[in-house]
Each structure stands twice: as structure tokens, then as C-alpha cells.
Amino acid sequence: MLLSLILGMALVDAPLEPLVDEIVVTARQPNTPIEDSPASIEAFGSEELAKPGEFMASDLSRLSPGLTYKSTFGSSAPQFFIRGIGSNDVNPSANPGVAVYLNDVLLASPLGQNLATFDLSGAQILKGPQGTLFGRNATGGAIVFRTNRPGDAASATAAVGVGSFGLRTLEAAADTGTFNGARARFAGFARRSDGYTKNTATGGSLNGLEVYGGRATVLVDGPGGWTGEVLADYAVDRSSMTAHEGLGLFAPEGLAGNPPRFVPCAVARASAGACVNALGYKYTTNPYSEAFDRPGREDLDAGGVSVTIAHSGQINIQSITAYRTAKRAVREDSDASPLSLVALDFDNDDQSFTQEVLVRGSGSRLDWRAGVFALDEQLKTRNRFEVLGTVRAAGAPFIDDPQFFVFGPFRLLQSYRLKTQSVAAFADADWAASPALTLTAGVRLTQERSEFTTETRFDEVTANPILSPRRGGERSDTATSWRLAARYALGSKRSIYANVSRGFKSAGFNGGALFATDSIGPVAPEVVTAYEVGAKWQATDRVELETAGYVYDYTSLQVFTLRAAPPPTRQVLDSANASISGLDLRAKARLPAGVTATASVAYLDAAFTDFIDANGVSRSGNRLTAAPEFSGIAALAWRGKITSQWTAAAEIRAKYRSRVFFDNTNDPLLSSGASTLVDVSVSLEHPPSGLQADISVRNLTDESVIADALNLGQYGFIQRTYAPPRAVYLTVRKRL
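Residues numbered from 1 in each chain as written. Predicted model: local features only at pLDDT ≥ 70, side-chain atom pairs only at ≥ 80, totals over all residues. Heavy atoms only, no water.

1. Describing the packing of aromatic side chains
Thinking step 1. Taken as a whole and assessed by the stated rule, the structure comprises 21 aromatic pairs.
Thinking step 2. A ring pair is formed by Phe405 and Phe410, whose centres lie 4.9 Å apart and whose planes are at 85°; its orientation type is edge-to-face. For the pair Phe405 and Phe410, a shared accessibility class is recorded, and that class is buried.
Thinking step 3. Taken together, the ring pairs in this structure connect Phe398, Phe405, Phe410, Phe458 and Phe515 into an aromatic cluster.
Thinking step 4. Just above the ring of Tyr550 sits the side chain of Arg83; from NZ or CZ to the centre is 3.9 Å. (Phe/Tyr/Trp six-rings, centres within 6.5 Å; stacked < 30°, edge-to-face > 60°. Buried < 20%, exposed > 50% of the residue type's maximum accessible area, 1.4 Å probe, protein only. Lys NZ or Arg CZ within 6 Å of the ring centre and 35° of its normal.)

Have a look at this one:
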């Protein structure tokens, strides 16, 4: 029916048009047409990123079959995975396997990576190990967001929006025009909503938004080919804490017995919501309705400033100096119940300084790039854990003994610091061996050093407050990473390529080490050797195809594990080996009447080959975290005129994802089954006046999809986070 509507909207006959969209890979130096890049890259334009409902960096996962996102928290510490590589560590001390950039600046801390998206010109997903072109090492790949740059003429736009669950949005941007070689752009946004989850304990709503921020960019054209750019951005997030759904794991008849016993439920019974947590509470089966006794919140302040100085000439030089900060305060009702079973407070402060210098040049047959990169990052964390608060309120005392305290209510206070320093030098070159054959070689030398200190104390009145004395560790790693590639042109916008590359991620420390017997690490560095072959093929002026097949040898990957032995919630980092292989396919066709059809499919075989976890259980053969076997996106879009002055556009997009597991045990209760999310959007524009109205429906079929799950089984429940239900968004935009 919707397809008929899209085709029927072509009221003015539209001739067949060629696929003239010219996508440029701005993450490479110099900028390269995407069809000339010997690698697998996905690119998205400003229109796709500006649709109503596209609010955060994590929303990019809805547009790409190869990008998976999970997060126990809503606005901070996202966990991105590309082709099964990322980081499943929930602690902000984790070094992400996927690097995120705002323009040319690395967002080093996971706390600041789920940036609010507004006023963007595009985004790109670079698949496979990165590091010989720019930035820091990344074993999985990189996500690069590009902001709109100041225009030559003065202009302004404003947009207001409304949506489901009381959503209100406001965005504005303005260009000053050019004055004495300088021009500036200012952009800001505000978003607020009531939330889509009901708190039956208070009658209020949860999962609401309260986010606002801004960005300023100043460009200066100097003499002799010199330019300067200053970009400053800051965003404040006061959204409510992500409301988790609890899933009970103990049989209610066991706790009702005399004496009470903790009897585990069978998987099918637990899945049906028939079981209880350790205090006997039975959760609802509605993922968007729970009873929380504690108002949760997630305060995040993130931003920074960067200064870029560049010179264009026979040799191009670019210097990028950046400072970033991210501060987070989380107050979480972890047990998602009216009883106080587990409550967590996280306070994190991350500051990073990066300096990068890039030099490039071109000859008749050789394009070369070289650079140096330096990072200095400091993370300070203070975490508070409260367990069995309801038992305390009933009169049970804290057991003042470091061996037996876990049998009563207790409060712990953990603090740790992580300092990371990284320096690297890299070079990369393309050589035109013949008019059709281009060979590429790149190498990177990296040295990274980390220092970690941690301490855990009882947050109790006790003569012996120290549970885990202050201790520390340090680690220095030196690594060589590289890439080799060959591209053969078979005609205009038709090519095949092959590449092999090695990626490196430095050693990690265990930010979840609460107890004296917990290892703080370090865990060995990750190494990925990736082999890829592919083809980029414009079959006609209206049909283009792209395919890539790959095999990864993945060694010493850093795996986050919850240890079953008491005390509860003992977090460790393990080291494992894995094998990854897969196939990506993408096709795009421009059809008659202004219709464009797009289909992307990703097949992924990602499994541990050698892994015995901290509980002594072999996980070899299990699938990697957040690595669906199949995923795909199919879309139909139409654009055309409906009168001489009005244009319209419509799109329907469906994303399928097979089952994903959220930890290495492959427990079905810690997974999300196969799902299909359907989004629909319609746009109406009046170019002469600069007026545009957009309406989007996300999750049209109102499917309940688990976005993440965390095993707190020793407290008798699993913490599950759900993606939002169906929502409708309307935005009206005006050029002023």
C-alpha cells in the first residue's frame, strides 16, 4: 500500500536520472571519491542525518546493517561494534574498539562518544582496522561525523518540532558571511520529552529527554594559502536515567518456602516473566512499565575546542590541536523495582588533549600522506554501590567483617584513576603503477602507556573502612600496524580491490575491580589482521553495486565478564581469541518516476576460537557480543515535484537483524531475538520560501526490541534495556 502511495505521489512526470550523487570520503587525505577507496565505507548525507528522530550518534546504527550499538546507559558510554569488533566493557576505562571523530578530532572517552547530532553535513563508517591515515589506533573501524562549515554569505535557518511522548525540539543555525577573510557559523539545539516508560510507583514517566547544546565555528583565510579554524562545542544532558526492565531468575515457590531457598528458574519460565528477584519481587511483563523506588538520572556535560591550522600548496600541512571534556553523574535504580536491592551511583570526569600534524603531497603517479598523533587522557571515577537497602531498612545491620559482609546490607565506595598517553607516527601512499592499477601501502608506529590506580572502601561506620587497599599498575606497549591494498579500475566507476591490514588496541585495565582479590590487569593488547576483497561497480548510469568479503584473525581481544563467585558483581577483563568472516552486499537503483531503491545485506560469522572465561568455563565456539549473523536494510524512496513550486519526498526503510547476544555466555536470556524495525518519513518543501515540513514514524510496527542486557543473576534478575516503542515526529524548518 505504501509503495503504491509513493509511486502515486509522482504527480509530475519525472524523467529517469543518473546516479549522480558524488560521495567523497573526507576521512582520507586528500579527499577521495568513495568509489576510488580500496576499502569498505558507508557514507550518509545531511538529509539522512537530519530526519526527525535522528537525535544521537547511536541512531546511525539504524541506517547501517554493519554497525551495531548497545548501551546499559542511554546518553553516555555507547558501545559501537563494526563487524563484531568493539568493546563490551561497561566501564568508562574501556578503550573502544571503534573510534569516533567529530570532524578531525578524536572523541577519546566513551563518555562523550554518543554525541547529540545536529547541523551535520554527513557521516561515514570506515570498516576494518584504522590508524595509518589519521587519529588513534582502532581495531574495528571508525565513525566520522562532519559538521556544516560556515558559508560565504549571511544566512540563517530555524526548526521546531513536536512528537510522541511530549517531545519538543528546537534547532537554529546562522552564518555571518565573510568579513575580512573570516566567517563564522553558530548552531544550537534543545530537545525535551516526558519519556515513554511509565513508573507505576510514582505515576510519572521515565526515559525522557532533556538535552541542549551549541557549536561555534570560525574560519579565517590567511595569506599565502594559510587557513585557520576554531570549533567549540558543548552539550548538556539532563535526561532521566535509562529505565531498565527487570527479568526475575528465582522460582517464587522457593523463596516462599520454610526455610526460603533460592531455586533458579528454567529459561522458558524466566522468559515468560514468571520468576522473581532475590527479594521476591515479580516484575511486570510490559517492558515500558516498571515500579522504581528511586528517581534515576543521567547527567552528562561534554564538549571541547579544537584549533586547526592548514597550509595548501605543493605540500599540504595541517595541524589539529584539541581539548575534550566529559563529566557524567549517574543515579541508577539498578533492580528496577520498588524494593532497594541494588543501587549504583557513577561519577566520572574525563579530560583529553590531542595533537595531530598531517602532511601530504602529490606527484604525477604518487600521492603520499604522513603524520604524527599524540593523546594525553585522564579519567577520574568515583562509584558508589548500595546492596540490600530494603533489608537494612527492616533492621538488618551491616556485618562488620571483610569476609562475611556480603550476607547483609552493605555500601561500597570505589575510586580509580586511569592515565593514558599515546604517541604515534604514520605514513601512507598511493602509487599509480599503471592507468588502471593503484597500489597502497601504509605503516604506523605506536607507543602507548597507561597508569591505573584503584581503591575500594566501605561506605559504612566501621573501624576498618578499607576493603581493597589502594593499588596500581602500569603498562607500556609498542606496536607496528600497517595496511597494503591494490585497486584495479575496470572502467569509469568500476573497480575491484584487495587489502590486508593489521590493527592494534593497547592493553586494558579492569575498571570494575572492586575487591582485593580482583585482578586489575592489565590485559594484553588486541591485535587484528584483516583480509578483504571487494568490488565497486556502477553497472549503468542508474544502478550501482558494491560487495566486500573479509576474514579477520582476532587475537587477545579484551572481554568484559561478570564473575559468578561471591562477592557479587565482580567484574573482570579476560583475554580471548576469535575468528571473524563475512560478506557485505549493497545495491542501489534509480527507477522511473523519481523512485530510488536501496538494499544492503551483511552476513557475519564471528565466534570465539580460544576462550576460557574467569569462571573457568570454556566459551570457545560462542558468538561474539553484538554480532548478528544476518542484518540488512531495504528502502524505497521517492522525490519529485507536486506543483511548480512544491516538492515532496517519501521513504520507507526496514532494518532486519537476527539474534544478538549481549555477553560471551550466549545465554538466551541475555540476547535479543530477530527483529525488524520499519521507519517511514514524508517531506514537503517550498524552495522559494525556504519552508520545509518533515514527518517521521519510527518503529512503525511498534516492535519491542531488547537493546542491551546485563546479568545480575546473583541478585536474582537480569537488567534489560529496550529500544523505544513507536513514535511520531514532526519538524518544520524555515530558511530565514
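2. Points about the sheet that holds strand β38 (residues 717-722)
Thinking step 1. Taken in spatial order, the three strands line up as β17-β38-β37 in an open sheet, and their pairing is antiparallel. Two strands lie at the open edges of the sheet, namely β17 (245-248) and β37 (706-712), each paired on one side alone. Direction aside, neighbouring strands of the sheet carry axes that sit 25° apart on average. (Pairing = 2+ DSSP bridges. Helix = DSSP H or I, 4+ residues; strand = E, 2+ residues; numbered from the N terminus. Axes fitted to C-alpha atoms, helices over the stretch in contact; angles between N-to-C directions.)

3. A word on the confidence of the model for the protein chain
Thinking step 1. In this model, the protein chain carries an average pLDDT of 91, and 95% of its residues clear a pLDDT of 70 or more.
Thinking step 2. Counting interchain partners and residues more than four positions distant, the pLDDT-below-50 stretch residues 1-20 has 39 contacts. (pLDDT = per-residue confidence, 0-100. Contact = heavy atoms within 4.5 Å.)

4. Regarding a nonpolar patch on the surface
Thinking step 1. A surface patch of nonpolar side chains, amounting to about 790 Å² of accessible area, comprises Val160, Val162, Leu170, Trp646, Val682, Leu684, Leu691, Ile695, Val728, Leu730 and Val732.
Thinking step 2. Elements with a minimum of two residues in the nonpolar patch: β10 (154-163), β35 (675-686), β36 (691-698) and β39 (727-735).
Thinking step 3. According to the relative accessible area criterion, Ile695 is partly exposed, its value standing at 36%. (Patch = residues over 30% accessible without salt bridge, like charges linked within 9 Å, V, L, I, M, F, W, Y side chains within 5 Å. Areas by Shrake-Rupley, 256 points an atom, 1.4 Å probe, with all protein chains shown as cover. Salt bridge = Lys/Arg side-chain N within 4 Å of Asp/Glu carboxyl O.)

5. Let's talk about the pairing of strand β6 (residues 98-102)
The side chains of a regular strand alternate, residue by residue, between the two faces of the sheet.
Thinking step 1. The element β6 is largely enclosed, with a buried count of five among its five residues.
Thinking step 2. Relative to strand β9 (residues 141-147), β6 runs parallel, the two sharing five bridges. In the sheet register, Leu102 faces β9, and the bridge partner there is Phe145.
Thinking step 3. Alignment of β6 against strand β7 (residues 105-106), held across two bridges, turns out to be antiparallel. What sits directly across from Tyr101, in β7, is Leu106.
Thinking step 4. Counting the residues in the hairpin turn of β6 and β7 gives two residues, including Asn103, whose phi is positive at 55°.

6. Brief notes about the sheet that holds strand β13 (residues 197-199)
Thinking step 1. An order of β14-β13-β18 is seen for the three strands of this open sheet, with the pairing classed as mixed. At either end of the open sheet lies a strand with only one pairing partner, and these are β14 (205-206) and β18 (289-290).
Thinking step 2. The pairing of β13 with β18 spans two bridges and is parallel. Looking at β18, one finds that Lys198 is bridged to Ser289.

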